[in-house]
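# Summary of structural features
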Amino acid sequence: MSKKRILVVDDEPDLELLIRQKFRSDIRKGLLEFDFAGNGMEALEKIEQGGPVDAIFTDINMPMMDGLTLLSKLRERKGVHKAVVVSAYGDMENIRSAMNKGAFDFITKPIDFNDLQATMEKTIREVEVIREGIEAREKLGKTIHEKEIAEVERRQALESKKHEQQFLANMSHEIRTPMNVVIGMTNLLLKNNPEENQLKYLRAIKDSSDNLLVIINDILDLSKIEAGKISMETIPLSIREVMNLVDVALRVKSEEKGLEFKVTVEEKVPDTVLGDPVRLNQVLVNLAGNAIKFTSEGMVTVSCTLESEKDDTCRLRFDVTDTGIGIPEDKVNSVFEKFTQASGDTTRKFGGTGLGLTISKQLVEHHGGTISVTSKYGEGSVFSFVIPYPVATEADKNDLSEKIDPDSLGALSGKKILLVDDNPFNRVVAADTIHAYVKGVQIDEATNGREALDMIIKEPYNLVIMDVQMPEMDGFEATRRIRADLDAPKSQTPVLAMTASVMQEEVDKCLDAGMNAFITKPFNPDDLIRQISKLLLGDPLPDS
Ligand code: ADP
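Note that the coordinates shown come from a computational prediction; the quantities given were computed from them, not determined experimentally.

Conventions and cut-offs
Residue numbers restart at each chain and count upward from 1, following the sequence in its written direction. It should be noted that, the model being predicted, local features are given only for residues of pLDDT at least 70 and side-chain atom pairs only at 80 or more, the latter also being counted only at that level, while totals for whole chains, interfaces and linings use all residues. Only hydrogens and water are set aside; all other atoms, that is, all heavy atoms of the structure, feed into the side-chain values. Helix and strand labels come from DSSP, where a helix needs a run of H or I of at least four residues and a strand needs a run of E of at least two; each type is numbered from the N terminus. Expected span of a helix: the number of residues minus one, times 1.5 Å. A residue's bend is simply the angle between two axes: one fitted to the seven residues ending at it, one to the seven starting at it. When a residue's accessible area, from a 1.4 Å probe over protein chains only, is under 20% of the maximum for its type it is buried; when over 50% it is exposed; and in between it is partly exposed. The criterion used for residue contact is that any of the two residues' heavy atoms lie within 4.5 Å. Strand pairing requires that DSSP identify at least two bridges connecting the strands. Every angle, taken between N-to-C directions, lies between 0 and 180 degrees, and every axis is a line fitted to C-alpha atoms, over only the stretch in contact when it is a helix. Scored from 0 to 100, pLDDT reflects the predictor's confidence in each residue. Here is the rule for angles: anything less than 35 degrees is roughly parallel, anything more than 145 is roughly antiparallel, 65 through 115 is roughly perpendicular, and the remaining ranges are oblique. Helix crossings get a hand from a simple test, with the near helix turned counterclockwise from the far one by less than a right angle marking a left-handed crossing and a clockwise turn marking a right-handed one. For this document, the term salt bridge refers to a Lys or Arg side-chain nitrogen within 4 Å of an Asp or Glu carboxyl oxygen. Any Phe, Tyr or Trp ring, taking Trp's six-membered ring, that has another such ring centre within 6.5 Å forms a pair; planes under 30 degrees apart are called stacked, those over 60 apart edge-to-face, and the others tilted. Only when the NZ of Lys or the CZ of Arg is both within 6 Å of the ring centre and within 35 degrees of the ring normal is a charge said to sit over the ring. Any pair of N or O atoms that falls within 3.5 Å is considered a polar contact. Within protein, one atom must be able to donate a hydrogen and the other to accept it, and sequence-neighbouring residues count only if both atoms are side-chain atoms.

### Focus on helix 9 (residues 239-256)
With 18 residues, helix 9 extends 26 Å between its outermost C-alpha atoms, agreeing within 8% with the 26 Å of an ideal straight helix rising 1.5 Å per residue. Maximum bend of helix 9: about 45°, positioned at Leu250. Buried within helix 9 are the following residues: Ile239, Val242, Met243, Val246, Asp247, Leu250 and Ser254. Looking at the buried side of helix 9, the elements it contacts are strand 6 (235-238), strand 7 (260-265), strand 8 (272-275), helix 10 (277-293), strand 9 (299-310) and strand 10 (313-322).

Below is the structure:
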């Protein structure tokens, strides 16, 4: 691979040293070459003088010429330039302007070097592909070789699609982190005996933020599914329990609209199969939610029947039937497409993003199933899907459903937990949630991996709850050091990762670093407590 030239534009003088230090091995091997500029003006000079630049990282606020102006200037220049902006965490205003001005991506400060490296590799790849395309076109000149061009274009399209998905995933990730604080704090306030009028406001905040989270999760889900990064569980799943949850989740809503709501499971349907209960529930709630949304009178039914059974696999059929507005014939085939709504005024009248059915279709197909719809405009619709599920054996069933046992929580009393997160609000949410469930736990706090390590060296903890992205030393590094540098039993301290990302890669990275389990933010309080009690009561612990 030829040496890649990276231009870093920042008025912070220490950054050069840090980057040279971080990437010293690649620099030494001749794989990377870094150039530094203190402002936009200098950057343009460097681009003019040196060879082609393979990736540009630029700060936004700088003297003489800021990052946004630099982006505009780059757009006017010839040649392939892809710039990534480096911006303060949460500075959405500038990030948005930068993206509008043609920035390729963004990373946030304080810089996480893993993130920097991943983004750098991605940018280099993008530039490479574009240059290959230009080169191919030039080389082929007049005798254009259609096939080769098509191949390059296909690769370009694929790459940019991947980047779009990554960008969406990153954005959703950035938004989920502050949402964790909003939802967490609201839950805590709701538990704190609010006055009547405060209760009203808090419920409104909670409802709106829950709704917002659904939209963010939809976007994240879709980008994950499309990037092939969705992880599906195969665990014992009780069909009747899932159907019951659908009933509980939607009955009130349908009754509020005066609709009859029926959820049925045919007797022949096996009790327990192997699959992903959360995803099945997601598809059913989505379809039934739509049915209720688009029906103003009559009835909505959700039914599960056994279509066929062969060897140890059963094909289960789910039908969601409504007597609602129906879908015009010419639109029926396109409702499963992204961002598609059957009529132009749907968003205004009913809300929604047009992503629900796309996600449902993808999830069903990931289970090896198929989904379809029949509808009569003005009379109603039936959304049906069939999924082949392995029937669970007796041994599988024993693992079914881990409930929180309130008696077991008493055993957590007196345990010492170290909570590591650079965001003070996240620490409050996590600590108060734990205190609300378990009395007598001691929770100490650290703001980054280094501080955590120092604290563990001084005294033992029964459990460490570790954020992943933190300044100075991130959660991965801190965990690796706990495992490698400390003596037993401290080196065995269970670590529960807390991450805003739900990408499979991030999960793998957590486990690779030696973390024992992980939980995603915003977390469900029950899940947090379940994980804590699993780690604290299930594993051998260091004595405090
Ligand atoms: P959203 O509901 O967020 O708009 P979906 O992907 O869930 O997005 O649905 C896409 C479109 O399909 C809806 O906007 C609506 O026009 C149509 N649709 C879905 N379910 C029904 C239904 N049960 N009855 C009538 N139209 C429906």
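### A short note on the sheet that holds strand 3 (residues 55-59)
Adjacent strands of a sheet form backbone hydrogen bonds with each other and so pair up, either parallel or antiparallel. Taken together, the five strands give an open sheet; going across it, the order is 2-1-3-4-5, and neighbouring strands pair in parallel fashion. The open sheet has two free edges, formed respectively by strand 2 (32-37) and strand 5 (105-109), since each of these has just one partner strand. If you compare each strand with its neighbour and ignore which way they point, the axes differ by 20° on average. Sheet strands in contact with helix 1 (residues 14-22) are strand 1 (4-9) and strand 2, and its direction is about 175° off that of strand 2.

### Here's the deal with the confidence of the model for the protein
On average, residues of the protein score 84 in pLDDT, and 89% of them reach the 70 mark or higher. The weakest mean pLDDT in the protein belongs to helix 11 (residues 346-350) at 55; the strongest belongs to strand 10 at 96. Scored below 50 in pLDDT, residues 539-544 makes 14 contacts in the model with residues more than four places away or belonging to other chains.

### Some points on the packing of helix 3 (residues 40-49) against helix 4 (residues 67-76)
At their nearest, the axes of helix 3 and helix 4 sit 9 Å apart, and the two run at 30° to each other. The angle between helix 3 and helix 4 falls in the class roughly parallel. Read as a crossing pair, helix 3 and helix 4 show a hand that is right-handed. Where helix 3 approaches helix 4, its residues Gly40, Ala43, Leu44 and Ile47 are matched on the opposing element by Leu70, Lys73 and Leu74.

### What to know about the pattern of salt bridges
With the rule as written, the count across this model stands at 24 salt bridges. Where Glu132 meets Arg155, a salt bridge forms, and the shortest distance between an N and an O atom there is 3.1 Å. Taken together, the residues Glu132 in helix 6 (residues 113-140) and Arg155 in helix 7 (residues 146-190) connect sequence positions 23 residues apart. Assessed through its relative accessible area of 36%, Arg155 is described here as partly exposed. Several salt bridges converge on common partners, so that one network encompasses Glu307, Arg315, Arg317 and Asp319.

### So, the packing of aromatic side chains
Two measures describe an aromatic ring pair: the distance that separates the ring centres and the angle between the ring planes. All told, the structure shown has four aromatic pairs when counted by the stated rule. Aromatic side chains Phe23 and Phe34 sit 5.4 Å apart centroid to centroid with 40° between the ring planes, which places their arrangement in the tilted category. Of this pair, Phe23 sits in the loop between helix 1 and helix 2 (24-28) while Phe34 sits in strand 2, placing them eleven residues apart in sequence. Judged by its relative accessible area of 3%, Phe23 falls in the buried class. Note on Phe34 and Phe36: the rings are 6.2 Å apart at their centroids and 25° apart in plane angle, and the pair reads as stacked. A relative accessible area of 6% places Phe34 in the buried class. Among the aromatic residues, ring-to-ring pairing joins Phe23, Phe34 and Phe36 into one connected group. Its end group placed over the ring of Phe104, Lys122 keeps NZ or CZ at 5.7 Å from the ring centre. Directly above the aromatic system of Tyr461 lies the positively charged group of Lys416, at a separation of 5.4 Å from the ring centroid.

### Notes on the environment of Tyr461
Within the secondary structure, Tyr461 sits in the loop between helix 16 (449-458) and strand 15 (463-467). In this structure, the C-alpha to C-alpha distance between Tyr461 and Lys416, residues 45 residues apart in sequence, is 5.2 Å. Among the polar contacts listed, one links the side chain of Tyr461 to the side chain of Asp444, at a separation of 2.5 Å.

### Describing helix 10
End to end, helix 10 covers 23 Å across 17 residues, agreeing with the expected 24 Å (1.5 Å per residue, within 8%). The residue sitting at the N-terminus of helix 10 and contributing the capping side-chain oxygen is Asp276; that oxygen lies 3.1 Å from the backbone nitrogen of Val278.

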